[in-house]
Amino acid sequence: MTGSTACADSTDPRLEAAIAHAVDALIARQRADGHWVFELEADTTIPSEYVLLVHYLGEPADPAREARIGRYLLRRQNADGGWPLFHGGASDISASVKAYFALKMIGEPADAPAMRRARERILALGGAEASNVFTRTLLALYGVMPWRAVPLMPVEIMLLPLWFPFHLSKISYWARTVIVPLLVLNTLRPCARNPRRVGIEELFRRPSQAARMPGRAPHQGRFWYAVFRGVDVALRVFEPLSPKTLRRRAIEQAERFVRERLNGDDGLGAIFPAMVNAVMMFDALGVPRDEPAVAQARAALDRLLVEHGDETYCQPCLSPVWDTSLTCHAMLEAGGERALAAARRALDWLLPLQVLDVRGDWTVRRPHLRPGGWAFQYANPHYPDVDDTAVVAMALDRAARGDARWQGGVEPALARAREWIEGMQSSDGGWGAFEPENTHSHLNSIPFADHGALLDPPTADVSARCLSMLAQLGELPANSRAAAQALRYLLDEQEVNGSWYGRWGTNYLYGTWSALCALQAAGLGPEAAPVRRAAQWLLSVQNGDGGWGEDGSSYRLDYRGHDSAPSTPSQTAWALLGLMAAGCRDLPAVARGIDFLLREQRADGLWDEQHFTAVGFPRVFYLRYHGYARYFPLWALARYRNLQRVGNPANATGTADAAGRMPWGM
């Protein structure tokens, strides 16, 4: 797989100039305290829900802000009148209903062309009664849809014992933090204040109050759905008979859960859906809005707003630890005094964010494990992120090589991170993002889980990162049980076509890059069959312009193979990094990919992409990390240059050995 066709020399002035320009641009965007954070954009449901929250609470509206959000929503509208889940995607019924509702609430005339087209598209998609469970809940809170059309989730769930078939510890962190305040809302069933008395009856094919429960989602198994649907029917009979004292105790436990995890300025779970539900829960419970914790929870939502000229949108969360750690890797790869100094400043910012004293929800499955991870956001101590922890640890280790003074300062942090990562490994050898053993797949068939993202099972991309970290720190399959199990898990997860599924990045390009880096770190060379198959798959899906691309449609349940999508800088960088990890640095395809990145670099030294190249929940919620197009291309260009610097004594740029292998996990 090593090819012999001549490529541009690593000293090509275009390459060096591009790397230097990107380094300068990233340093210019580094915050004063050393960290990086870029925008994180989702679909229009988030800004739509922000608008609807303001009117749910009956807060005085900010006309200027609402007008800017309205312009953002209208710009994101598809030509057919609906709104997609990702750039260039098909119109989605739930996103379209929320965007229409928000625009009407803002004051967009119902007879405006955009609103007329939206109505027509929504009705063509089945009407608002075809919306998903989260949208149904919002419409029920507004009195638009009856509560009988929403799956029943009684608050007494809070009191179920750990051994019970359904327990909150058996679902993911994001589902848990969203559901707990929602249990209170589902039970108390408050009604939005809605001072403008805006409704959306016109979006229903039949009278809105005639809406019934949704049917089985495509991912849900017939047997388990039938079982849980029967439970839902029974609960509706017995739910009114629940003793008042039991209900009060369950509500108190739900409120206590939320308050313990409110997380200051960062909000419950540090994710928008949970934060919104917490604010509405406090309102339903009659907690004064000027109570400090409640006021802070409401203000945390405003911190997610982003203003660009005459537009405003709301982010789903903030990503400083993820952005900072990945940018550090790119800067360490680039090397040079300024880049290394910037990376170390950033790592100095990251070090004190390690969670060492909060025993989060993950301790239910690992009660004796000490904490030692990093969260994804500025603060989220109950929910440190396995993936972030592995990436931070590898950056710390890489920066410390050859610097005895700095190495002594990071060794304790690395030891705790390694201990925590090893302890979070699931019994199948893989890792989930936040939870171990979160594999109760039948729970995705409860009527509430029509999104199919109730769980946090082990995935190839996160597991690859953990194996990469262990290998970089000296734990190889030959001398480490955890690494050996991880390698077996990863090899078992390889697809027939040679790729790996990407749970958190889009999609097989992301998963295959992650896995190839891990396999190289674990000692599998270019001639190993899994490596050859993966490299061949990457080569087979390269676009004619030299880049690589893949979109959210690759997560569809009937996926049968790669569909071409426009090339993006971030996905091209992943493919290049994967191919270089597979020993393919000198192939013409890699040279074409490098040329694509050089051509696409902007005048400011960075790259940009409108396409969404990450995912929150496959088929439901997609993400555009604005930072991905900034730091991943730099990383790939610098790696391409460094792989011909065999014997170069520079310590942090990461020289290759005689076989062309990098000493780093990523």
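Coordinates for the structure precede this section.
Worth saying up front: this structure is predicted, and the values here are computed from it rather than measured. All chains use their own residue numbering, which begins from 1 and follows the written sequence. Selection of residues for local features in this predicted model requires a pLDDT of at least 70, selection of side-chain atom pairs for listing and counting requires 80 or more, and totals for whole chains, interfaces and linings are taken over all residues. Here the side-chain values reflect all heavy atoms present in the structure, with hydrogen atoms and water set aside.

Considering helix H18 (residues 508-521)
As a reminder of what qualifies: Starting at the N terminus, helices and strands are each numbered in turn, a helix being any DSSP run of H or I of at least four residues and a strand any DSSP run of E of at least two. What a helix is expected to span follows from its residue count: subtract one and scale by 1.5 Å. Remark: exposure states derive from per-residue accessible area (1.4 Å probe, protein chains only) relative to the maximum for the residue type, with buried under 20%, exposed over 50%, and partly exposed in between.
The terminal C-alpha atoms of H18, which comprises 14 residues, lie 20 Å apart, in line with the 20 Å expected from a rise of 1.5 Å per residue. Of all 14 residues in H18, 14 are buried; the element is thus mostly enclosed. Once H18 finishes, glycine 523 follows within two positions and takes phi at roughly 105 degrees, a positive value.

Considerations on the pattern of salt bridges
Rules: Between Lys or Arg on one side and Asp or Glu on the other, a salt bridge is scored when a side-chain nitrogen of the former is within 4 Å of a carboxyl oxygen of the latter.
Under the definition given, this model contains 45 salt bridges. For arginine 366, the salt bridge goes to glutamate 437, with nearest N and O atoms at 3.1 Å. Of this pair, arginine 366 sits in the loop between helix H13 (337-350) and helix H14 (386-400) while glutamate 437 is found in the loop between helix H15 (404-423) and helix H16 (460-472), placing the two residues 71 residues apart along the sequence. Overall, arginine 366 belongs to the buried group, its relative accessible area being 18%. A salt bridge links aspartate 604 to arginine 602, with the shortest nitrogen-to-oxygen separation between them at 2.5 Å. Sharing partners across several salt bridges, the network here consists of Arg29, Glu41, Arg76, Arg602, Asp604, Asp608, Arg624 and Arg630.

Here's the deal with the sheet that holds strand E7 (residues 621-625)
Here is the rule we go by: Between any two strands, at least two bridges found by DSSP are needed for them to pair.
The strand order across the open sheet formed by three strands is E1-E7-E6, and the pairing between neighbours is antiparallel. Only two strands of the sheet have a single neighbouring strand rather than two, namely strand E1 (40-41) and strand E6 (614-617). Two elements, E6 and E7, share three bridges in a ladder whose sense is antiparallel. Its bridge partner being in E7, alanine 614 is matched across the sheet by leucine 623.

A few points about the side chain of aspartate 323
To be explicit about the condition: Charge counting treats Lys and Arg as positive and Asp and Glu as negative, with His and both chain ends excluded. Definition of a polar contact: a pair of N or O atoms within 3.5 Å, with one able to donate and the other able to accept a hydrogen when the atoms are protein atoms, and with sequence-neighbouring residues admitted only if both atoms are side-chain atoms.
Along the polypeptide, aspartate 323 turns up in helix H12 (residues 320-334). For the buried aspartate 323, no salt bridge exists, and the shortest N-O distance to an oppositely charged side chain is 8.4 Å, to arginine 31. At a separation of 2.9 Å, a polar atom in the side chain of aspartate 323 contacts the main-chain amide nitrogen of phenylalanine 38. Side-chain polar atoms of aspartate 323 contact the side chain of tyrosine 631, separated by 2.7 Å.

Things to note about the pairing of strand E4 (residues 305-308)
Inspection of the sheet shows E4 paired to strand E5 (residues 311-314) by four bridges, in the antiparallel sense. Looking across to E5, one finds that valine 306 is bridged to tyrosine 313. Counted between consecutive antiparallel strands, the loop separating E4 from E5 contains two residues, among which glycine 309 sits at a positive phi close to 60 degrees.

With respect to empty space enclosed by the protein
Which entries qualify depends on this criterion: Using a 1 Å grid laid over the protein atoms alone, points where a 1.4 Å probe fits but cannot get out form a cavity; open sets with protein on both sides within 12 Å along at least 5 of 7 lines form a pocket; any residue with an atom within 4 Å of a point counts as lining. Grid points are joined across faces, edges and corners, and a volume is the space filled by probe spheres set on the points. Each residue gets one of three labels, nonpolar for Ala, Val, Leu, Ile, Met, Phe, Trp, Tyr, Cys and Pro, charged for Asp, Glu, Lys and Arg, and polar for the others, Gly among them.
Inspection of every chain in the model, using the stated rule, returns two cavities of 30 Å³ or more. What the largest cavity holds in volume is close to 60 Å³. Residue composition of the lining of the largest cavity, grouped by class: six nonpolar, one polar and three charged. Taken together, Cys517, Gln520, Ala581, Arg639, Trp664, Gly665 and Met666 make up the full set of residues lining the second largest cavity. Its residues placed into classes, the lining of the second largest cavity shows four nonpolar, two polar and one charged.

Quick look at the packing of H14 against H15
The following threshold applies: Here the axes come from fitting lines to C-alpha atoms, over the contacting stretch only for helices, and the angles between their N-to-C directions go from 0 to 180 degrees. An angle counts as roughly parallel when it lies under 35 degrees, as roughly antiparallel when it exceeds 145, as roughly perpendicular when it falls between 65 and 115, and as oblique in every other case. Here a crossing is taken to be left-handed if its near helix is turned anticlockwise relative to the far helix by less than a right angle, and right-handed if that turn runs clockwise. Two residues form a contact once any of their heavy atoms are found within 4.5 Å.
As a packed pair, H14 and H15 sit with axes 10 Å apart at the nearest point and diverge in direction by 155 degrees. In terms of orientation, H14 lies roughly antiparallel with respect to H15. With respect to the hand of their crossing, H14 and H15 are arranged in left-handed fashion. Residues Val386, Thr389, Ala390, Ala393, Leu396, Asp397, Ala399 and Ala400 of H14 lie in contact with H15, whose contacting residues are Trp406, Gln407, Val410, Leu414, Ala417, Trp420 and Ile421. Residues of the contact of H14 with H15, tallied by class, amount to 12 nonpolar, two polar and one charged.

Description of helix H21 (residues 588-600)
Here H21 is 13 residues long and its end C-alpha atoms lie 18 Å apart, about the 18 Å a rise of 1.5 Å per residue gives. When we look at burial in H21, the residues that qualify are Ala589, Val590, Gly593, Ile594, Phe596, Leu597 and Leu598. Buried-residue contacts for H21 involve helix H1 (13-28), helix H19 (529-540), helix H20 (569-581) and helix H22 (628-642).

Describing the layout of surface pockets
Of the pockets and cavities examined, the second largest pocket occupies roughly 660 Å³. Lining the second largest pocket we find 29 residues, and of these Pro457, Tyr501, Arg503, Pro618 and Arg619 sit closest to its centre. Grouping the constituent residues of the lining of the second largest pocket by class yields 13 nonpolar, 11 polar and five charged.

A word on the side chain of serine 426
Summarising the element assignment, serine 426 is placed in the loop between H15 and H16. Beyond its immediate sequence surroundings of up to four residues, serine 426 is in contact with Arg366, Pro436, Glu437 and Pro458.

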